[in-house]
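# Coordinate inspection notes
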Amino acid sequence: LYPIQVPKNKRLSVFDYLRDQKIGVNVHYIPIYLQPFYINLGFQEGYCPNAEAYYHSAISLPMFPGLDDIQIEYVVSQVKAALLA
């Protein structure tokens, strides 16, 4: 994984833009206590505000051995475009 942080209010638009450009971004690192099992134990939002802040601004870019320089440059250029949109 190659996680990056984007402004919280832009995460969804950046995510959608990159997906539209055929870039396989994803969302990871949801705080564990926000999973259903832990919510059923009584955990709730606000338990770890820093973890939640990170989660709400992070997306993971694709990273794998076969990614070549041209593909990397494309991903970087599209991330920049998404942030400026």
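Going by the structure above, here's the rest.
Sequence order sets the numbering: in each chain, residues are counted from 1 along the sequence as written. With pLDDT at 70 or above as the cut-off, local features in this predicted model cover only qualifying residues; side-chain atom pairs require 80 or more to be listed or tallied, and sums for whole chains, interfaces and linings still use all residues. Processing note: side-chain calculations cover all non-hydrogen atoms of the structure and skip hydrogens and water entirely.

Two rings from Phe, Tyr or Trp (for Trp, the six-membered ring) form a pair when their centres are within 6.5 Å of each other. A pair whose planes differ by under 30 degrees is stacked, one over 60 is edge-to-face, and the rest are tilted. In total, this model carries six aromatic pairs according to the counting rule given. Taking the centre distance of 5.1 Å and the plane angle of 85° together, the rings of Phe37 and Tyr38 count as edge-to-face. Type-normalised accessible area, obtained with a 1.4 Å probe on protein chains alone, sets the label of each residue: buried when under 20%, exposed when over 50%, and partly exposed for intermediate values. Given a relative accessible area of 55%, Phe37 falls into the exposed group. Residue class for Tyr38 comes out partly exposed when judged on its relative accessible area of 29%.

Okay, the nonpolar core next. We define a nonpolar core as any set of buried Ala, Val, Leu, Ile, Met, Phe, Trp, Tyr and Cys residues linked to one another through side-chain atoms lying within 4.5 Å. Judged by nonpolar contacts, Ile4, Val6, Val14, Phe15, Leu18, Ile23, Val25, Ile59, Leu61, Val75, Val79 and Ala82 together constitute the single largest core of twelve residues. For this core, the elements supplying multiple residues, two or more each, are helix H1 (11-20), strand S2 (58-61) and helix H4 (69-84). Contacts are residue-level and defined by heavy atoms, with any inter-residue pair within 4.5 Å sufficient. Beyond its immediate stretch of four places on either side in the chain, Ala82 contacts Lys10, Val14 and Tyr17. Secondary structure follows DSSP: runs of H or I at least 4 residues long count as helices, runs of E at least 2 residues long count as strands, and numbering of each begins at the N terminus.

As a further point, take H1. Within H1, burial applies to Arg11, Val14, Phe15 and Leu18. Taken around the axis of H1, the buried residues stretch over an arc of 100°, which confines them to a single face. Of the exposed residues in H1, the ones pointing more than 90 degrees away from its buried face are Leu12 and Asp20. Looking at the buried side of H1, the elements it contacts are helix H3 (49-57), S2 and H4. One or two steps after H1, the chain reaches Lys22, where phi turns positive at roughly 65°. As used here, the arc belongs to the directions running from the helix axis to the C-beta atoms.

To continue, consider the environment of Ala82. Counting through the fold element by element, Ala82 comes out in helix H4. Separated by 42 residues in the primary sequence, Ala82 and Asn40 have C-alpha atoms spaced 37 Å apart.

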